[in-house]
Amino acid sequence: MSYGDKMAGTMKSSTPVAPIRLLQSKIGKKWSTIDQASTAAIKTSEKLEKILTGLSSTDAGVVVFGSLARKEWTSKSDIDWTLLVDGQADPQHLEIAQKVAARLTESEFPAPGATGVFGNMTFSHDLVQKIGGREDTNENTTRRVLLLQESRPFGKPDAYDRVLRLLISRYLKDDRGLRFGTIPYKVPRFLLNDIVRYWRTITVDFVEKQRGQAGHGWGLRNAKLRMSRKLIFATGMLSCFSCELLCSPKARQELIKHNSTVGMEEHLRAFVKLTPLEILSTFLLELKIRKRTANKLFSAYNSFLTMLNDSKKRNHLKDLRPDHIPGDTVFDEVRQYSRDFQDGLTDLFFNDNKKLRDLTIFYGVF
Amino acid sequence: MRLIGFSTGALAYSDFQFGLRILMNSHAKAIELSALRENEISPLVHSLSSLNLASFKYISVHAPSKYDPLRESELIVLLKQVAKRNWPIIVHPDAIQNFAAWRVFADLLFIENMDKRNLMGRTAHELSGIFQKLPEARLCFDLGHCRQVDPTMNESYLILQQFGARLGQLHVSEVNSRSTHDPLSDSSVSAFEKIASLIPENVPVILESPVPPEKVQFELKRARLALPITPSGNGNRKRETQRLQTAFV
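Residues numbered from 1 in each chain as written. Chains lettered and ligands numbered in written order. Predicted model: local features only at pLDDT ≥ 70, side-chain atom pairs only at ≥ 80, totals over all residues.

### A word on the overall build of chain B
Here's step 1: On a plain count of helices and strands, chain B comes out with 11 helices and 10 strands.
Here's step 2: With the principal axes as the frame, chain B shows a C-alpha extent of 50 × 40 × 40 Å.
Here's step 3: Within chain B, contacts between residues separated by at least 24 positions form 73% of all contacts whose residues are at least 6 apart in sequence. (Helix = DSSP H or I, 4+ residues; strand = E, 2+ residues; numbered from the N terminus. Contact = placed C-beta atoms within 7 Å.)

### Here we look at the nonpolar core
Here's step 1: In terms of nonpolar packing, the biggest core is built from 98 residues, with Val64, Val163, Leu167, Leu297, Tyr301 and Phe304 of chain A touching the most fellow members.
Here's step 2: Among the elements that line this core, the one with the most residues is helix α11 (residues 218-245) of chain A, at 13 residues.
Here's step 3: For Phe304 of chain A, the residues in contact, after removing those within four places along its chain, are Ala223, Met227 and Tyr337 of chain A.
Here's step 4: Within the second largest apolar cluster, 63 residues are counted, among which are Leu109, Val149, Tyr157 and Ile159 of chain B. (Core = buried A, V, L, I, M, F, W, Y, C linked by C-beta atoms within 7 Å. Buried ≥ 20, exposed ≤ 12 C-beta atoms within 10 Å, placed from the backbone.)

### Overview of the sheet that holds strand β2 (residues 80-85) of chain A
Whether parallel or antiparallel, the strands of a sheet pair through hydrogen bonds between backbone atoms.
Residues and elements named next belong to chain A.
Here's step 1: The 4 strands lie next to each other as β3-β2-β1-β4, forming an open sheet whose pairing is mixed. Two strands bound the open sheet, and with one partner strand each, they are β3 (120-123) and β4 (151-154). Strand-to-strand twist across the sheet, computed as the mean angle between neighbouring axes with direction ignored, equals 35°.
Here's step 2: The pairing of strand β1 (residues 60-65) with β2 spans 6 bridges and is antiparallel. Across the sheet, the residue bridging to Val63 is Thr82, located in β2. (Pairing = 2+ DSSP bridges. Axes fitted to C-alpha atoms, helices over the stretch in contact; angles between N-to-C directions.)

### Looking at the environment of Phe6 of chain B
Residue and element names in this part refer to chain B.
Here's step 1: Within the fold, Phe6 resides in strand β1 (residues 4-7).
Here's step 2: Take Phe6: there are 31 C-beta atoms within 10 Å of it, and that puts it in the buried class.
Here's step 3: The sequence separation of Phe6 and Ile159 amounts to 153 residues, and the corresponding C-alpha distance is 23 Å.
Here's step 4: In contact with Phe6, not counting residues within four places along its chain, are Leu11, Leu23, Ala28, Ile31, Ile206, Leu207 and Val216.

### What to know about the interface of chain B and chain A
Here's step 1: Contacts between the two partners involve 14 residues from chain B and, on the opposite side, 17 residues from chain A.
Here's step 2: Counting only elements with at least two residues in the side of chain B that touches chain A, the list comes to α8 (154-163) and α11 (236-247) of chain B.
Here's step 3: Looking at the side of chain B that touches chain A element by element, the count peaks at 3 residues for α11 of chain B.
Here's step 4: Of the residues belonging to the side of chain B that touches chain A, the class tally is 4 nonpolar, 6 polar and 4 charged. (Nonpolar A, V, L, I, M, F, W, Y, C, P; charged D, E, K, R; others polar.)

### Thoughts on unusual backbone geometry
All names here are of chain B.
Here's step 1: Positive phi is not limited to glycine here, since Asn86 has a value of about 70°.
Here's step 2: You can see Asn86 is positioned in the loop between α4 (72-84) and β4 (89-91).
Here's step 3: A count of 8 C-beta atoms within 10 Å places Asn86 in the exposed class.
Here's step 4: At Ser179, a residue that is not glycine, the phi angle is positive and equals roughly 65°.
Here's step 5: As for its position among the elements, Ser179 is in the loop between β8 (174-175) and β9 (181-182).
Here's step 6: By C-beta crowding, Ser179 is classed as partly exposed, having 16 other C-beta atoms within 10 Å.

### Details of helix α14 (residues 276-286) of chain A
Owing to its 3.6 residues per turn, the α-helix brings residues three or four apart onto one side.
All names here are of chain A.
Here's step 1: Counting buried residues along α14, 9 of its 11 residues qualify, which places the element largely inside the surrounding structure.
Here's step 2: Turning to α14, its buried residues are Pro276, Leu277, Glu278, Ile279, Leu280, Ser281, Thr282, Phe283 and Leu284.
Here's step 3: Immediately beyond the C-terminal end of α14, within one or two residues, lies Lys288, with a positive phi of roughly 50°.

### What to know about the domain arrangement of chain A
Size of an interface: often given as the accessible area lost when the parts come together.
All names here are of chain A.
Here's step 1: You can read the domains of chain A as domain 1 (1-30 + 176-366) and domain 2 (32-174).
Here's step 2: Computed from C-alpha atoms alone, the centre-to-centre distance between domain 1 and domain 2 is 20 Å.
Here's step 3: Listed by partner, the interface residues are 30 residues for domain 1 and 25 residues for domain 2.
Here's step 4: Mapped by element, the contributors of at least two residues to the side of domain 1 that touches domain 2 are α10 (189-212), α11, α13 (262-271), α14, α15 (291-309) and α16 (311-319).
Here's step 5: Sort the elements by how many residues they give to the side of domain 1 that touches domain 2 and α15 lands first, with 7 residues. (Domains from an automatic or database assignment.)

### Description of α10 of chain A
Residues and elements named next belong to chain A.
Here's step 1: Between its first and last C-alpha, α10 extends 33 Å over 24 residues, near the 34 Å set by a 1.5 Å rise per residue.
Here's step 2: Regarding α10, the residues found buried are Leu191, Leu192, Asp194, Ile195 and Tyr198.
Here's step 3: Here the buried face of α10 lies against α7 (138-149), α8 (158-173), α11 and α18 (354-364).
Here's step 4: Following α10 by one or two positions, Ala214 has its phi on the positive side, about 50°. (Expected span 1.5 Å × (residues − 1).)

### Side note on the packing of α8 of chain A against α13 of chain A
Residues and elements named next belong to chain A.
Here's step 1: Where α8 meets α13, the axes come as close as 10 Å, and the angle between the chain directions of the two elements is 130°. Taken as axis vectors, α8 and α13 run oblique relative to one another. Classified by chirality, the crossing of α13 by α8 is right-handed. Seen from α8, the contacting residues are Leu164, Arg165, Ile168, Ser169 and Leu172; seen from α13, they are Met264, Glu265, Leu268 and Arg269. (Parallel < 35°, antiparallel > 145°, perpendicular 65-115°, else oblique. Left-handed = near helix turned anticlockwise from the far one by under 90°.)

### Here we look at the sheet that holds strand β6 (residues 138-142) of chain B
Here's step 1: Spatially, the 8 strands close up into a barrel ordered β1-β2-β3-β4-β5-β6-β7-β10 (chain B), and their pairing is parallel. Neighbouring strand axes in the sheet, compared pairwise and without regard to direction, differ in orientation by 30° on average.

### Some points on the packing of α15 of chain A against helix α17 (residues 329-351) of chain A
All names here are of chain A.
Here's step 1: Running from N to C, α15 and α17 point in directions that differ by 150°, and their axes come no closer than 8 Å. Here α15 lies roughly antiparallel to α17, going by the angle between them. The two elements α15 and α17 meet at a crossing, and its hand is left-handed. Across the interface between the two elements, Thr293, Lys296, Leu297, Ala300, Tyr301, Ser303, Phe304 and Met307 of α15 pack against Glu333, Tyr337, Asp340, Phe341, Asp343, Gly344, Leu345, Asp347 and Leu348 of α17.

### Things to note about the confidence of the model for chain A
Residue and element names in this part refer to chain A.
Here's step 1: In the predicted model, chain A carries a mean pLDDT of 91, and 95% of its residues have values of at least 70.
Here's step 2: Within chain A, helix α1 (residues 3-7) has the poorest average pLDDT of any element, 40, and α17 the best, 97.
Here's step 3: Counting interchain partners and residues more than four positions distant, the pLDDT-below-50 stretch residues 1-8 has 13 contacts. (pLDDT = per-residue confidence, 0-100.)

### Quick notes on the confidence of the model for chain B
All names here are of chain B.
Here's step 1: Overall, the predicted model of chain B reaches an average pLDDT of 91, with 92% of residues at or above 70.
Here's step 2: Taken together, the stretch residues 232-237 has pLDDT below 50 and engages in 4 contacts with residues farther than four places along the chain or on a different chain.
Here's step 3: Of the two predicted TM-score estimates for the complex, the pTM is 0.84 and the ipTM is 0.71.

Shown next as C-alpha cells:
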C-alpha cells in the first residue's frame, strides 16, 4: 500500500509517496547514504521474506525491529526479530522461533544483541495488558514501544496487525484526557508519556551499561543514542502531535463531538507504519519547516549512516571506551553531526513552527 | 423488536430438518437453513416445499462454503430455487469462482465477511473490492468474524459505516482463536453492544452459536443483550445514537 493510500481519509493533506525523496527535491539536496540504506533494506527484506517463508501463521508472525524496519540497513546491521504470538498457546511456537533463528544463521545474518529482548517469542497479552505497573518490565516496554515505532512484519501480518490495532486502541481509549478533556489540543498523552518514558529509560540504561559492561561497545552505543535512538524518540513525539496537526478534520470531529477515537486510531495506525525518517520528512514538508533545518537534520543523519556503513569507523567506535575520547577523530565526527542533529531538532520543535512549539512546551515537560 | 433466530447448522450440524425442529419449539422468528457442505445443498433445496417454516418471519439459506469449482454453475441453478422464494442466499466470498455468474441473484445475494484465516473479505477495504464485482449484493455481517479480526471493534465500526446501506443480515456468535463458533461470552456481548446502535432494528439476526436445544432460549436472550435496540422517534433515536457512540470510544 502506498503512502498516499495509507493516509487516505485519515490525514488533512496527503504528502505523496516517498516523502524523503520529495524533501530532497524540494530543498535541492541528495542524501545518498540514506537512499542507499533504504534500497539495501528493501533488498534485504525481499531476501528475508523468502528465507522466512512458511513460518508465520495467523496466530504467530515474525516481526523485525531496528535498522531493517527503519529502512536504514548498513553493511553491519543485524536483525532484531521476535515471534509475535497472538493466539492460543501452542508448544510449536518455540519450535517456530528456533527455526527462525536457524534460518537467519544459515543465511549468515548476524544474531540480535545479547540483551534477550529479541531473538525469541513475544506474547501479545503482555504487550496489551501490561502498559505501566510493576509487571511492565524493561523488555516489555521496549518491545511494545518499538512495535509502534520501528517494526515490520514478515510473512503473514495478521498477528502483527491485530496487536498494533489493540495497542493503539488501548493508548487512545484509556486516555480520558484525550476523550473528555477540555484542553484545546487532541494529543494522545498516555501514548506520548510511554514514548518519553522509553526514551528516558534508554538514556539511563546507557549509563548502566557503561558501568556494567566496563565500557565495551560504548562508542557505538553513544553514537546510536545521539542519533537513531533520539530519532525514534523525536518521531514518536511527532506521531503523537500528528493527531493534532495532521489528522483529518473528520477524525477530530468524531473525537470532539462523540468522544470516539476510531478515526484517530486509524490515523495513528497508518502513521506509525511510516519509518522514522519518513515521519520526520512528512512533518518537515507538511509544516513547511525551514530548508536549513531540514538540511541540518538529514545531512547529519546521512553522516551517521555513512559512518555505520564504514566498517573501519564502526569497529573503531565499537572498541572506543569513554576514557579514550579525548583526541579521537572518529568520535569528534560523531560529536559534530550529532550536535547538528540536536540543533535541527531544537529548530524543528521550538523555532520553526509556532504550533509545534506550543505543543512541545505544553506536552514536552510538565 | 429484533428478529432473532438460529442457523440450523449451529443447532444440528448438517441435519437441517433436526435444526428446524429444535427451532420450532423456541420463540425464534428467524432461521437460516444451512448447507455448508456441497453435498447438503441439493437435499435442502429439494425439500424446501415440504418444510414447515410458517412460524418464521425471516428465512435465508447458507450456500456451501466449498464446492467443486467445476460445479459452480450447477450450484447456481440449485440456488435459483431459493431465490424464487425471495429468500436471501448467504455466501462466503472466497467460495465464489465466477463473480459474474452470481450477479443473477442481485440483492438476494448476501456476502459474508470472513474470519482471520481467509485472505479476502475480512475488512472494509477487502469487502469493497468484492462489492465492486457484485454491485447489487448485500452484506451478511458476521460480528464474531469481525471481532476476531479486530478485537477493538473499530473494523466493525468502519464496515458498518461504509456498508450500512447494504446490511441485510447479521451472524452472531463468539469466534474463538481456532476460528470455530462458540456461545456468546460476556466479553462478546460487551464488544457487540458497542456497535449495536449502528445496526437498524429491522436487520435479522442469525445466531451461529453451537448450543444444545435446552440452551437455545438462553442464547437468544444473550443476543438481545448484545444488540439492544435504539429507541426511535421524537429525537430519541438521535440522542440514543449519540449516547451509544459515546459508549463506543
